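# Fold and geometry: a report
Residues per chain are reported as follows:
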Amino acid sequence: MGKRISELTKKYSFSQAYYWIAFMVTMEFSGMYLNGHGISNTLIGILLAISGAISAILQPFFGTLADRPSGKSVKTYLLFFTCLLIPVSAVLLFQYKQIGLTLLFYGLTIILLQIATTFHNALATESINQGHQLNIGFTRGIASLACGLISFVLGASVERFGVTSLAFCIMVMMLCYLFNIKRFPFSKTTYITKTKENTDTIGMLSFFKKYPSFSLSLIGCTCLYFSYILMMNFSYQIASSKGANSMQTGIIVGIAALAELPVMFGFFKMMKKKPAGFWVMVSGGFFVIKSFSSLLVKTAVGLSLIQLFQMFSWALLSLAVVYFVNDCMEETDTIKGQGYMASTYTIAIVIASLIGGFVIDHFGISCLLLIATVVSGIGTVINIVSIHRL
């Protein structure tokens, strides 16, 4: 059994690395790729917002389908969306005279990745619910390490080969992810139920009534994600405002990813000290510190040092919410719960993207970072209130 668990963690570690590299490149390097195609910050924001809105609608829909006893497994959905992502991302390898084609296929890439996030996370939590001792923190640590190393390479690659290297990276990662997921041992959970309430999936309103405190925490997490997305989606613009070039931007992103490692690898032990909800609250405070520090710093070197706060902000939140969803509800609702939590991220993308591009073009980076600081503070307060009510 020990060997089997070790193999499961190993397989999911590779899946985490491939998936989050593709996600990081798509989102954090979106400004670099799209600016490289002559697309303005405002238009980039609109694209990210529309893509996020569509994803937010579709994530709970597919999550509900997967929760049904007769529905397909999360692995089946992952394979389906990954097979779609490969040709869509391949189209981004080419330069088009009409920017509409670039916007269309980049938007499709974002939508498919966002929907796949629900099932990527659920694959791990479902495995844990089935009795496998999968160490999610360790696997995310491997992903952060991989993202950090790839970021260093991509920064130099863009300087030498142009932004096409970003699209190439996304496509290759999705091919590797497809191969790895096909080999991942997983079967859909079969629940032995006694009542109609347990066998039927519940609707959105019924879900929120059933889990009111969790529903409030969704608002708090949306605020934290909003702050994070403002700084992630426009990381290239923020770094440029501090004097960084493409290579230095890659280094800054890489430092942020590597800073996540201590929490990722140590999260299993942290969960033994305090529950997931506690760590969700702690992460909020560090989101405030990171965004406010980014506002104050004046140089690329200073911005690089601030990325160390990634350790207890995004790294902590991204792990804690996965366990937090599992802790808050019955097993029959967990995939839907993961879907709603993933939707908070995509809703935040919609709002942050619309505001971010416009703010940068009309008011500047300082205003963007001030907004990120205030909203993350609001989200932290909401999470403290909601989690204490659980």
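Just so you know, these numbers come straight off a predicted model, no measurement behind them. (Residues numbered from 1 in each chain as written. Predicted model: local features only at pLDDT ≥ 70, side-chain atom pairs only at ≥ 80, totals over all residues. Heavy atoms only, no water.)

Moving on, we come to a nonpolar patch on the surface. The grouping of Leu43, Ile46, Ile50, Ile54, Ile99 and Leu354 at the surface amounts to a nonpolar patch, some 450 Å² of accessible area in total. The greatest single-element share of the nonpolar patch, amounting to four residues, is contributed by helix H3 (residues 41–67). As for its position among the elements, Leu43 is in helix H3. Residue Leu43 is classed as partly exposed on the basis of its relative accessible area of 30%. (Patch = residues over 30% accessible without salt bridge, like charges linked within 9 Å, V, L, I, M, F, W, Y side chains within 5 Å. Areas by Shrake-Rupley, 256 points an atom, 1.4 Å probe, with all protein chains shown as cover. Salt bridge = Lys/Arg side-chain N within 4 Å of Asp/Glu carboxyl O. Helix = DSSP H or I, 4+ residues; strand = E, 2+ residues; numbered from the N terminus. Buried < 20%, exposed > 50% of the residue type's maximum accessible area, 1.4 Å probe, protein only.)

This brings us to helix H5 (residues 99–129). Taking 1.5 Å per residue as the helical rise, H5 with its 31 residues ought to reach 45 Å, and the 45 Å between its terminal C-alpha atoms agrees with that figure. Where H5 bends most, at Thr117, the angle is about 30°. In terms of residue burial, H5 counts as a mostly covered element, since 23 of its 31 residues are buried. Positive phi shows up at Gly131, right after H5, with a value of about 105°. (Expected span 1.5 Å × (residues − 1). Bend = angle between axes of the 7 residues up to and from the residue.)

This paragraph deals with the packing of helix H13 (residues 261–273) against helix H16 (residues 314–328). The geometry of H13 relative to H16 is characterised by a closest axis approach of 10 Å and an angle of 45° between their N-to-C directions. Classified by the angle between their axes, H13 and H16 sit oblique to one another. For the pair H13 and H16, the crossing hand works out as right-handed. Side by side, H13 and H16 meet where Val263, Met264, Phe267, Met270 and Met271 of the first sit next to Ala315, Leu316, Ser318, Leu319, Ala320 and Tyr323 of the second. By residue class, the composition of the contact of H13 with H16 is ten nonpolar, one polar and no charged. (Axes fitted to C-alpha atoms, helices over the stretch in contact; angles between N-to-C directions. Parallel < 35°, antiparallel > 145°, perpendicular 65-115°, else oblique. Left-handed = near helix turned anticlockwise from the far one by under 90°. Contact = heavy atoms within 4.5 Å. Nonpolar A, V, L, I, M, F, W, Y, C, P; charged D, E, K, R; others polar.)

Pairing between side chains becomes possible if they bear opposite charge and their charged atoms approach one another. Inspection of every chain in the model, using the stated rule, returns two salt bridges. When the shortest N-O distance is used, the salt bridge between Glu330 and Lys210 registers 3.2 Å. You can see Glu330 sitting in the loop between H16 and helix H17 (334–362) and its partner Lys210 sitting in helix H9 (residues 204–210), a full 120 residues away along the chain. A relative accessible area of 28% means that Lys210 is categorised as partly exposed. Notably, a salt bridge pairs Lys210 with Asp333, separated by 3.0 Å at the nearest N-O pair. One end of the pair, Lys210, is in helix H9; the other, Asp333, is in the loop between H16 and H17, with 123 residues separating them in the sequence. On the basis of relative accessibility, which here comes to 4%, the residue Asp333 falls in the buried class.

Let us look at the packing of aromatic side chains. Geometrically, a pair of aromatic rings is defined through the distance of the ring centres and the angle of the planes. Considering all chains together, one arrives at 30 aromatic pairs under this definition. A centroid spacing of 6.0 Å and a plane angle of 70° characterise the contact between Phe62 and Tyr77, whose relative ring orientation is edge-to-face. Of this pair, Phe62 sits in helix H3 while Tyr77 sits in helix H4 (residues 74–91); the two residues are 15 residues apart in sequence, bridging distant segments of the chain. Per residue, the accessibility class of Phe62 equals that of Tyr77, and both read buried. Where Tyr225 meets Tyr345, the ring centres are 5.1 Å apart and the plane angle is 70°; that geometry is what we call edge-to-face. In this pair, Tyr225 sits in helix H10 (residues 212–233) while Tyr345 sits in helix H17, placing the two residues 120 residues apart along the sequence. Residue Tyr225 shares its accessibility class with Tyr345, and that shared class is buried. Each member of the aromatic cluster is reached from another via a ring pair, and the members are Tyr19, Trp20, Phe23, Tyr177, Tyr225, Tyr228, Phe287, Trp314 and Tyr345. Looking at Arg140, its charged tip hangs above the ring of Trp20, at a distance of 4.6 Å from the centre. The side chain of Lys274 reaches across the aromatic face of Phe278, ending 5.4 Å from its centre. (Phe/Tyr/Trp six-rings, centres within 6.5 Å; stacked < 30°, edge-to-face > 60°. Lys NZ or Arg CZ within 6 Å of the ring centre and 35° of its normal.)

With respect to the secondary-structure elements, Gly339 resides in helix H17. Dropping the residues within four chain positions of it, Gly339 is found in contact with Gln59 and Thr118.

The next subject is the confidence of the model for the protein chain. Averaged over the protein chain, the pLDDT score is 87; the fraction of residues at 70 or greater is 93%. Taken as a whole, residues 1–5 scores under 50 in pLDDT and shows two contacts with residues more than four places along the chain or in a different chain. Here residues 192–200 is a poorly scored stretch, pLDDT under 50, and it has six contacts once near neighbours within four places are set aside; other chains count. (pLDDT = per-residue confidence, 0-100.)

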